[in-house]
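Structural description and commentary
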Amino acid sequence: MTRIACIGGDGIGPEVIGAAVLVMTAAADKHGHAVTLDRWDLSANRYLRDGVTITDEERDRLVGEYDAALLGALGDPRVPDNVHARDILLGLRFHADLYINFRPCRLLVPALSPLRDPDPGTDIVFFRENTEGLYAGLGGSFKTGTTDEVATEQSLNTYKGVERIVRAAFEHAAATGRRRVTLVDKANVLSHEGALWRRVFAEIGARFPGIVQDTMYVDAMAMDLVRRPQRYEVVVTSNLFGDILSDLGAQVTGGLGLAPSGNINPGSWALFEPVHGSAPDIAGRGVADPLAAVGCVSLAFAHLGMGDAAKDVDDVIIASIRDGFTTPDLGGTASTREVGQWMADRLLA
Ligand code: NAD
Ligand code: IPM
Ligand code: MN
């Protein structure tokens, strides 16, 4: 029995996870996979009600009793310091050492790209380091609230942390027949971390002589992802740069409504979540695109060794776009739930 914890979270999170659960249940039934989906209330509502973000015991149970988790989004204007999102999402990433943030951006249907003449072969996978960098929480503030206030954030980079994400990127490229791995950094200014990343990239890259290896500064990369995204195949980068570039990669391949991601510790535990956030501007209206969350279902199935179900879910995503049965962001008129139900029905038809 495979057990998945479903954490809707905030804003559009519960709406898109509701649709994803319909699709996951249908695909598992179709292929005879025994999958149990349990709902977990970890959210701003729960925090505002009980004063609790996530307890240590809940974190241990999620990681110990479940094979993986599916999370919608966390972030609520009523919690301006975002403490619950950091405790829950970053807490799980750090606690379970989910060091790979796997963010594929594939142009499924060329018309979805806002670019003129998009290359239909555009297919980028971001390997975002997920436990270090500027997300490590190193820093502090001093004389807070005065005109002498000082605030610092330090970027933490360890050899172990850099080596394992760079290795994961190369291994993925080799396993999937991708021919280029690009390191994105800001080594011209951030020279200490830059030197470490570049040395490790060269060291690991030497084991993969058949793969083209290049480096890009993050500012030039932002430009190039718009100019010629088709050039990039596997991109490996630090936590913050990966956060930013994966939204950009999502947009050039169809928008945030479509982009899934996996937070993965290979062989251990994984949490799948859309790249997008809780979208307070559209929450509660039933118009959120569930395809990113449904894409997470496919990533979860693939991760759990249920490739047949993953393939079916990928196919039904493309079918919904081709048939125009989509939410308004992709030009359709269907609601979040209707798209989920349509996909579930189609899987079982
Ligand atoms: P966002 O991704 O929530 O929204 C950006 C824009 O994209 C908005 O216009 C929104 O309406 C649109 N959008 C996002 N997802 C969509 C979908 N599925 N369908 C249609 N349109 C969609 O980013 P934001 O507004 O910067 O952040 C809102 C909150 O979400 C913040 O609190 C932020 O911290 C949080 N956040 C959480 C996660 C996460 O939990 N993984 C990720 C990003 C942001
Ligand atoms: C993401 C989000 C998170 C991040 C936030 C909500 C903590 O933007 O998953 O991309 O910055 O990693
Ligand atoms: Mn982000």
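Now for a quick tour of the structure. Residue positions are given per chain, counted from 1 along the sequence in the order it is written. Starting at A for chains and at 1 for ligands, labels are handed out in the order in which the entities are written. In keeping with the model being predicted, local features are shown solely for residues with a pLDDT of at least 70 and side-chain atom pairs are shown and tallied solely at 80 or more, while totals for entire chains, interfaces and linings include all residues. Calculated side-chain values reflect all of the structure's heavy atoms, with hydrogen atoms and water omitted.

1. Considering the pattern of salt bridges
So the rule is basically this: Any carboxyl oxygen of Asp or Glu within 4 Å of a side-chain nitrogen of Lys or Arg constitutes a salt bridge here. Each helix corresponds to a stretch of at least 4 residues labelled H or I by DSSP, and each strand to a stretch of at least 2 residues labelled E; elements are numbered beginning at the N terminus. For each residue, the accessible area found with a 1.4 Å probe, counting protein chains only, is set against the maximum for its type, and the residue is called buried under 20%, exposed over 50%, and partly exposed in between.
Considering all chains together, one arrives at 24 salt bridges under this definition. The partner of arginine 178 in a salt bridge is aspartate 123, and the shortest N-O contact between them spans 3.3 Å. Here arginine 178 is found in the loop between α5 (159-176) and β8 (180-185), whereas its partner aspartate 123 is found in strand β5 (residues 123-129), with 55 residues between them in sequence. As a salt-bridge pair, lysine 186 and aspartate 219 come within 3.1 Å of each other at their nearest N and O atoms. Taken together, the residues span a long stretch of sequence, with lysine 186 in the loop between β8 and α6 (191-205) and aspartate 219 in helix α7 (residues 218-227) at a distance of 33 residues. On the accessibility criterion, aspartate 219 (46% relative accessible area) is partly exposed. When salt bridges with common partners are traced through the structure, they connect Asp41, Arg46, Arg49, Asp50 and Glu58 into a single cluster.

2. Remarks on the site of ligand 2
Keep this limit in mind: Throughout, near means a residue has at least one heavy atom within 4 Å of the molecule or strand. Whenever two N or O atoms come within 3.5 Å, that pair is a polar contact, provided that in protein one can donate a hydrogen and the other can accept it, and provided that, for residues adjacent in sequence, both atoms are side-chain atoms. Where accessible areas are quoted, they stem from the Shrake-Rupley method and a 1.4 Å probe; at the residue level, only the protein chains shown are allowed to cover. Put simply, Ala, Val, Leu, Ile, Met, Phe, Trp, Tyr, Cys and Pro go in the nonpolar bin, Asp, Glu, Lys and Arg in the charged bin, and everything else, Gly too, in the polar bin.
Near ligand 2 you find Arg93, Arg103, Arg128, Tyr135, Asp243 and Glu273, and these make up its full shell. Contact between ligand 2 and arginine 103: an oxygen atom at 2.9 Å from a side-chain N or O atom of the residue. One nitrogen or oxygen atom from the side chain of tyrosine 135 is found 2.6 Å from an oxygen atom belonging to ligand 2. Here ligand 2 loses 79% of its free accessible area of 320 Å² to cover by the protein chains. For the shell around ligand 2, the class distribution of residues is one nonpolar, no polar and five charged.

3. Things to note about the site of ligand 1
Taken together, the neighbourhood of ligand 1 is formed by 20 residues, with Glu273, Gly277, Ala279, Asp281 and Asp289 sitting nearest. Taking serine 278, its main chain carries an N or O atom lying 3.0 Å from an oxygen atom of ligand 1. Alanine 279 places a main-chain nitrogen or oxygen 2.8 Å from an oxygen atom of ligand 1. Contact with the protein chains covers 66% of the free accessible surface of ligand 1, which is 800 Å².

4. A look at the pairing of β5
Condition: When DSSP finds two or more bridges between two strands, those strands count as paired.
In terms of burial, β5 is a largely internal element, six of the seven residues being buried. Where strand β4 (residues 100-106) meets β5, seven bridges bridge the pair, whose relative direction is antiparallel. By the bridge assignment, asparagine 101 is partnered in β5 with arginine 128. Two elements, β5 and strand β10 (residues 234-237), share four bridges in a ladder whose sense is parallel. Pairing of phenylalanine 126 across the sheet is with valine 235, part of β10.

Interpretation note: all reported values are geometric properties and have no functional meaning in isolation.
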